[in-house]
There are 2 protein chains.
Amino acid sequence: MSKINKISALSEKDGVNKPEILSSQVAKHIQEFRKKEISAAELIEKIISGDKVALSRAITLIESTNIKHLEKANEVINGCLPYANKSVRIGITGVPGVGKSTFIEAFGKHLTGLGKKVAVLAIDPSSTLSHGSILGDKTRMEELVKDENAFIRPSASGESLGGVARKTREAIILCEACGFDTIIIETVGVGQSETAVHSMVDFFLLLKIAGAGDELQGIKRGIMEMADAVVINKADGDNIQKAKMAKVEFNRALHFFPPKSSGWQPKVTTCSAVTTDGIADVYDLITEYITLTTTSGYFNEKREEQNQYWMLETINEQLKSSFYNHPEIIKQLELVKQQVLNHEISPFTGAQFLLDVFKKV
Amino acid sequence: MSKINKISALSEKDGVNKPEILSSQVAKHIQEFRKKEISAAELIEKIISGDKVALSRAITLIESTNIKHLEKANEVINGCLPYANKSVRIGITGVPGVGKSTFIEAFGKHLTGLGKKVAVLAIDPSSTLSHGSILGDKTRMEELVKDENAFIRPSASGESLGGVARKTREAIILCEACGFDTIIIETVGVGQSETAVHSMVDFFLLLKIAGAGDELQGIKRGIMEMADAVVINKADGDNIQKAKMAKVEFNRALHFFPPKSSGWQPKVTTCSAVTTDGIADVYDLITEYITLTTTSGYFNEKREEQNQYWMLETINEQLKSSFYNHPEIIKQLELVKQQVLNHEISPFTGAQFLLDVFKKV
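Residues numbered from 1 in each chain as written. Chains lettered and ligands numbered in written order. Predicted model: local features only at pLDDT ≥ 70, side-chain atom pairs only at ≥ 80, totals over all residues. Heavy atoms only, no water.

A. Focus on the overall build of chain A. The number of helices and strands found in chain A is 14 helices and 7 strands. Counting all 361 residues of chain A, 47% fall into the buried class. Taking contacts inside chain A between residues at least 6 apart in sequence as the whole, the part at least 24 apart equals 74%. For chain A, the accessible area works out to roughly 18,200 Å², and carbon and sulfur atoms hold 54% of it. (Helix = DSSP H or I, 4+ residues; strand = E, 2+ residues; numbered from the N terminus. Buried < 20%, exposed > 50% of the residue type's maximum accessible area, 1.4 Å probe, protein only. Contact = heavy atoms within 4.5 Å. Areas by Shrake-Rupley, 256 points an atom, 1.4 Å probe, with all protein chains shown as cover.)

B. Spatial organisation of the packing of aromatic side chains. Across all of its chains, the model carries 20 aromatic pairs over all chains by this definition. Clustering of aromatic rings is evident, with ring pairs tying together Phe-103, Phe-107 and Tyr-283 of chain A. Cation over ring: Lys-267 of chain A sits above Trp-264 of chain A, and NZ or CZ is 4.1 Å from the ring centre. The ring of Phe-180 of chain B has Lys-117 of chain B sitting right over it, with the charged end atom 4.7 Å from the ring centre. (Phe/Tyr/Trp six-rings, centres within 6.5 Å; stacked < 30°, edge-to-face > 60°. Lys NZ or Arg CZ within 6 Å of the ring centre and 35° of its normal.)

C. Just the side chain of Thr-182 of chain A, in detail. Residues and elements named next belong to chain A. Residue placement: Thr-182 occurs in strand β4 (residues 182–188). The exposure class of Thr-182 is buried, given its relative accessible area of 2%. At 3.1 Å, the side chain of Thr-182 and the side chain of Asp-181 are in polar contact. (Polar contact = N/O pair within 3.5 Å; in protein donor to acceptor, adjacent residues only side chain to side chain.)

D. Spotlight on unusual backbone geometry. All names here are of chain A. The phi dihedral of Asn-85 is positive, around 75°, even though this residue is not glycine. One non-glycine residue with positive phi stands out, namely Thr-276, at about 65°. With respect to the helices and strands, the residue Thr-276 is situated in the loop between β7 (267–270) and α11 (279–296). Classification of Thr-276 as partly exposed rests on a relative accessible area of 45%.

E. Summary view of the interface of chain A and chain B. Across the boundary between the two partners, chain A contributes 51 residues, which contact 51 residues of chain B. Carbon and sulfur atoms supply 67% of the area buried between chain A and chain B, which totals about 4,900 Å² over both sides. Taken as a group, Phe-256, Met-311 and Phe-348 of chain A account for 16% of the area that chain A buries against chain B, more than any other trio of residues on that side. Taken together, the links from chain A to chain B amount to 0 salt bridges. Joining chain A to chain B, the criterion identifies 8 residue pairs in polar contact (both at pLDDT 80 or more). Listed by contribution, the elements that provide at least two residues to the side of chain A that touches chain B are α4 (67–80), α7 (161–177), α12 (298–324), α13 (327–341) and α14 (347–360) of chain A. Take the side of chain A that touches chain B: its biggest share by element is 14 residues, from α12 of chain A. For the side of chain A that touches chain B, the residue count by class is 26 nonpolar, 16 polar and 9 charged. (Buried area = accessible area lost by both parts, 1.4 Å probe. Salt bridge = Lys/Arg side-chain N within 4 Å of Asp/Glu carboxyl O. Nonpolar A, V, L, I, M, F, W, Y, C, P; charged D, E, K, R; others polar.)

F. Summary view of the relation of the copies chain A and chain B. The transform that puts chain A on chain B rotates by 180° and translates by 0.0 Å along the axis, for an RMSD of 0.0 Å. What the superposition gives is, in effect, a two-fold axis relating one chain to the other. Among all residues of chain A, the one whose C-alpha sits closest to the rotation axis is Leu-319 of chain A, at a distance of 3.3 Å. Mapped onto chain B, 100% of the interface residues of chain A again fall at the interface, so both copies present the same surface. (Least-squares fit on C-alpha atoms with pLDDT ≥ 70 in both.)

G. Inspection of the side chain of Thr-293 of chain A at higher detail. Within the secondary structure, Thr-293 of chain A sits in helix α11. Beyond its immediate sequence surroundings of up to four residues, Thr-293 of chain A is in contact with Ser-262, Tyr-298 and Phe-299 of chain A.

H. Quick look at the state of the cysteines. Residue and element names in this part refer to chain B. Using the criterion set out here, one finds 0 disulfides over all chains in the structure. Not part of a disulfide, Cys-80 finds its nearest cysteine sulfur in Cys-178, a span of 8.4 Å. We classify Cys-80 as buried; its relative accessible area is 0%. (Disulfide = S-S within 2.5 Å.)

I. Seen up close, the packing of helix α11 (residues 279–296) of chain B against helix α12 (residues 298–324) of chain B. Residues and elements named next belong to chain B. With their axes 5 Å apart at the nearest point, α11 and α12 run at an angle of 85° to one another. Accordingly, the angle class assigned to the pair α11 and α12 is roughly perpendicular. When α11 is examined against α12, the residues Tyr-289, Ile-290, Thr-293, Thr-294 and Ser-296 are found in contact with a partner set consisting of Tyr-298, Phe-299 and Lys-302. Residues that form the contact of α11 with α12 fall into these classes: 4 nonpolar, 3 polar and 1 charged. (Axes fitted to C-alpha atoms, helices over the stretch in contact; angles between N-to-C directions. Parallel < 35°, antiparallel > 145°, perpendicular 65-115°, else oblique.)

J. Layout of the sheet that holds strand β3 (residues 150–152) of chain A. All names here are of chain A. Spatially, 7 strands are ordered β3-β2-β4-β1-β5-β6-β7 in an open sheet, and the strand pairing comes out parallel. In this open sheet, the two edge strands, each paired with only one partner strand, are β3 and β7. Taken over all neighbouring pairs, the strand axes of this sheet differ in orientation by 20° on average, direction set aside. Pairing of strand β2 (residues 118–123) with β4 involves 6 bridges; the strand directions are parallel. Across the sheet, Ile-123 pairs through a bridge with Thr-187, a residue of β4. (Pairing = 2+ DSSP bridges.)

K. Quick peek at the pairing of β2 of chain A. All names here are of chain A. Counting buried positions over the 6 residues of β2 gives 6, a clear majority of the element. Side chains Val-118, Val-120 and Ala-122 project from β2 onto one buried face, and the interleaved Ala-119, Leu-121 and Ile-123 project onto a second face that is buried too. Two elements, β2 and β3, share 3 bridges in a ladder whose sense is parallel. Pairing of Ala-119 across the sheet is with Phe-151, part of β3.

Structural data, given as structure tokens:
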């Protein structure tokens, strides 16, 4: 583009002064909400008063990779902690195509209809490479997203599943402090993300659709065992009969697994996110579970275990990451691996050598 | 007891001198074999010449908790490595009562009858608390223990399953260098020991007995999925019919699992360790597996993966152990855990605090 004249259509005339009072108000607004100079204390106060904008900002803060934000993020989380922990946390998983978004839309609307406040978060293993694909397109939940009593947040992107999971776990605390009493964590049936979600929810729901009759083929190891309920979606129209057959088959399969320590026998149910048939049943089933486990004390026990798990898991992850990300280890690891593969040294000698390298640096 | 006279029945007369030549030979023998002053190089030489006494001694050396023995142990292992890796490694698991010992006795005798050299090792999670209970009573394999082509070694005892598993993995290398071409690793169906065994063998065999018809109830998660074969033992006398029914049921259950990356469809078979019916079939089945996976290249791929796994696993274990065994961490961990449980700090703040403590010490 050629250089344009100094005085062009893009130049501005000196405007008239804005009234003092207005411009200072605007400046304050910008300061607070655009320049992010809002303090941790203010953020906490706004969150616990139910301010969704502040909640959103706080989640952005904990998702920040900027090391300077870490301290403030921790301050906000710890400030919110006393107001958290008062919700039902529901994990939902299912492979692409089972209709997770439409299910969550219908399920979430049912819950807000009952007077609940619903937050939807996501853990997406693909988001460690690109920006999250699930929940990324919020328009897929166009009714829920407009609902005042709902809050939808796409999956954070990050370097590792552990990192993304940690951020989601922290976001749960913030959502609860903001008054959300039902937290839905969505994930997709690939990678290790189910295990991560399972370790941060009270109830784990596996979403399926009826297929060719061999519903159990190809279910990833462990997923069925983690499920507190299998919900067969798209049970509408021509699919109703197939869905009923799938229900029988899943019920039989669930009996192969040892009883759960919760004392809960996992249930299978069918629903249609489109007609909303069966959606209410899903929530009734969850309520039944919560009543059972709250009475038995299992509900709190599990949460305490999860808290411990996350502390130890974070420690273990950090220990590994400081080892494997050390320049000297990066430099030597491949070499040592090759020696082990060539049977020049044993795996243990290789490990010892690298640990000695790490100790010296 | 009252003090006895200086000259009593317990005193000894000066004996006659032994012939020079004999006593020096004896002394040398004692030096070599009792005082354990045999060098690493000599141990290696003896092991690769097929000396079972030297093999036994080397395993004792790697099992030693004396830090001074570590270097020598590593020297022996690395010296044996070029002669190792030439065997079929078979993992056998089953809950107490399925007849593991009698099965291994019958199976082992069948193998030595075919001209194989068989080493039997064990990983016993209970041995981390007491001395190993499985294989501890060698008389349970009284035929095999007398067999010149067999070597039986009870489970090492140790502080952690990881430690015991590591020692067993190292013992495999020594046994192979000593000429054993079939290595059997026994474990018991409790704890995490199956996963450890699975990660060091080529073929994983689940031993079961026929019961009341609901064979699948109570099978621990994951075990069925790890199995390359389910062998129903005690298929003799009145039990034959029940065993056949169990076979049908296990076959059906195995089809619920996704295909294995080995390309192998897990098999179910019946046998009797007492009558030896079906014992030969078990080995034929393993041979079939080895042929398939050797041809496809999976056999070597898996071994290489296992080598890598053991190196990284050892590193991760050591990193954790140096953290959690540090006096300052031991001192603070419970306190921080309590703060997390009381919702005073988040699990992540707790983790960060402890990591900071560790970094400073």
